[in-house]
Amino acid sequence: PEWNIATMALFKLAASIFLLASSPAYGFTSPTTLIARSKQISNSNNLSHHNSFFPSKIAISATTTSSSLSALPISSTIPTLDISRTIIGLLLAQKISNSGYKKQSLSKSGAISAFLVASFSLATSFRNGLTLLAFYWTSSKLTRVGSKIKGKLEEGHTEGGERGASQVFACSLIAVLCACVRRILVGNDGPLLSTSVGLLGDQLTLAYVAFFACCAGDTWASELGVLSKSKPRLIIKPWKQVPPGTNGGISFVGLAASAAGGTLMGLIHGVLVPGGIASMLPFNLPPMLGAISSAALKKEVLILSLVGFIGGFGGSLLDSVLGATIQVTYYDDVEEKIVKRSGPNAKRVGGLAFLSNEMVNVVSTALSALIAALTARSLLSIMI
C-alpha cells in the first residue's frame, strides 16, 4: 500500500510536469522555436506593409501573414503524440520499477527513483527511454550472472543487486537532464544534423549516448570482469595484480565487456532514431510517420555506435583510474573478499577515501558526456 500511494503521487506529479512542459512543433513551443517564428511573422508583416502599395500582391501578402499567424506558439490543443507518449512512459516506468522492486534489483528508494528517471526519459522521446531501459535491463541481468561467486569475492553482494536511489541517480540523472533540456530548447527528437537551432540538439544527443555508454561500460566490466579466471591488474600499476573486485582493477574480460556494453547503447540509440525503424520496412508509411533515408540511418547508427564504443571503453578506463586513486578499497584477509570499510582483518589495498563508488560514477559519466558534447562537431564531420 505504501508503495502504491507513492507511485500514484509520482504519477500525478510527472503527468502534470509533462503536459505543461511539453515543447515543440505541436501545441507548446520551445524558446528557440518561439524566436524563430517571431522573426518569420515580423518578416511577413514587413512584406505585407511593403506590398500594400501594390494591389495585385495584397492577396499574396494576406495569405502569407495568415499562415504565419497560424504558426504562433499559442495553442489550446495539447499535442496528442506528447500525451500518448507520456502516458505510455508513465505506465511502462511504473511496471518496470515495480518489477525491479519485487525482484530485489531495486530497493524501495531505488524503485521510486527509477520510476522518475524512466518517466522523464520516455516522455522526452521513446528512444531516450528505451536506451535507458536497455541499460537498466542488461545491468540487472548481468548482476545475476555468477552471483554466488561474486558473493564470495565482494561484501554485501546480493543476487539481484538491489540498487538504491543514489545508485539509480548516479547512473541516469545527468543524461535525463540532457534529454529534458533538449526537448525544451530544441524540440522533438530526431536524426543528427536535422535541427534548425545549430549544434545544441546534436551535442545533447551525443552527451546522452556517451553517458549511458560509460554507465554500461563500467557496469558490464564490473559484473563480468570480476568473474575472469585471471587476476586483474591495477590500472595505474599494470605490473601489480590485485584481488578481484578491487577498485581500479582491470582485466581483458572487463575491458572487452566495457567496449561491448558501450557500443550496444550507441547501437540501440541509433537504430531507434525516429523514422529509423520505418526505413527498414518493405512498405511506405504515412508522411507523418515517414522514414528517414537508409543512408541517413546508416550514418546515425555509425556515429552513435562509435560514440558508444568510445564512451564505454574510455569511460570505463576513466572510472578505473578514479577508482584506483581517489576511491579506497579494503581487503579482508580472513574472509578473502573485498569489504566496504577497514577492520581488524581488513587492510587498504588501493586508493584514498575521497569519493564513494556513486560519486566516482557521477564524475566519470559526467566527463564522458561533456567530452562527447564538446567534440560533437568533429564527430559529426564523419556524417558530412
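Every value quoted in this text rests on a predicted model; they were computed, and no experiment measured them.

(A) Broad picture of the overall build of the chain. A tally of helices and strands in the chain yields 15 helices and six strands. Looking at the chain as a whole, 45% of its 384 residues qualify as buried. Nonlocal contacts in the chain, meaning residues at least 24 apart in sequence, comprise 73% of its contacts between residues at least 6 apart. Of the roughly 19200 Å² of accessible surface on the chain, a fraction of 66% belongs to carbon and sulfur atoms.

(B) Main features of the nonpolar core. Counting 34 residues, the largest nonpolar core has L106, L132, F135, Y208, F211, F212 and M265 as the members making the most contacts within it. The set of elements that each furnish at least two residues to this core consists of α4 (80–102), α5 (108–124), α6 (126–144), α9 (173–185), α10 (200–225), α11 (252–271) and α14 (357–374). Counting residues per element, this core draws most heavily on α10, at eight residues. Ignoring any residue separated from it by four or fewer positions in sequence, one finds L106 in contact with S97, G100, Y101, A111, A114, Y136, E162, R163 and V168. Counting 12 residues, the second-largest nonpolar core is a separate cluster that includes L192, L206, L379 and L380.

(C) Main features of the packing of aromatic side chains. Summed over the entire model, instances satisfying the criterion amount to four aromatic pairs. Their ring planes at 85° and their centres at 5.3 Å tell us that F211 and F212 sit as a pair that is edge-to-face. The pair formed by F211 and F212 is uniform in burial state, with each residue classed as buried. Taken together, the ring pairs in this structure connect F135, Y208, F211 and F212 into an aromatic cluster.

(D) Molecular detail of the environment of I184. Examined against the element boundaries, I184 turns out to sit in helix α9. With 60 residues separating them along the chain, I184 and T124 place their C-alpha atoms 8.9 Å apart.

(E) Expanded view of the sheet that holds strand β2 (residues 237–241). One open sheet holds the three strands; their spatial order is β2-β1-β3, and the pairing between them is antiparallel. Of all the strands in the sheet, the pair left with one neighbour each is β2 and β3 (249–250). The pairing of strand β1 (residues 233–234) with β2 spans two bridges and is classified as antiparallel. Of the residues in β2, the one forming a bridge with L234 is K237.

(F) Expanded view of the pattern of salt bridges. In total, this model carries three salt bridges according to the counting rule given. The partner of E300 in a salt bridge is R127, with the nearest N and O atoms 3.3 Å apart. Of this pair, E300 sits in helix α13 (residues 294–326) while R127 sits in helix α6, and the two are 173 residues apart along the sequence. Each member of the salt-bridge network shares a partner with another, and the members are R127, D189 and E300.

(G) Inspection of the state of the cysteines at higher detail. Inspection of the entire model under this criterion finds zero disulfides. Free of any disulfide, C171 has its nearest neighbouring cysteine sulfur in C215, separated by 4.2 Å. Taking the relative accessible area as the measure of exposure, C171 reaches 15% and is therefore buried. Note on C214: no disulfide assigned, nearest cysteine sulfur contributed by C215 at a separation of 5.9 Å. Given a relative accessible area of 1%, C214 falls into the buried group.

Criteria and thresholds
Residues numbered from 1 in each chain as written. Predicted model: local features only at pLDDT ≥ 70, side-chain atom pairs only at ≥ 80, totals over all residues. Heavy atoms only, no water. Helix = DSSP H or I, 4+ residues; strand = E, 2+ residues; numbered from the N terminus. Buried < 20%, exposed > 50% of the residue type's maximum accessible area, 1.4 Å probe, protein only. Contact = heavy atoms within 4.5 Å. Areas by Shrake-Rupley, 256 points an atom, 1.4 Å probe, with all protein chains shown as cover. Core = buried A, V, L, I, M, F, W, Y, C linked by side-chain atoms within 4.5 Å. Phe/Tyr/Trp six-rings, centres within 6.5 Å; stacked < 30°, edge-to-face > 60°. Pairing = 2+ DSSP bridges. Salt bridge = Lys/Arg side-chain N within 4 Å of Asp/Glu carboxyl O. Disulfide = S-S within 2.5 Å.

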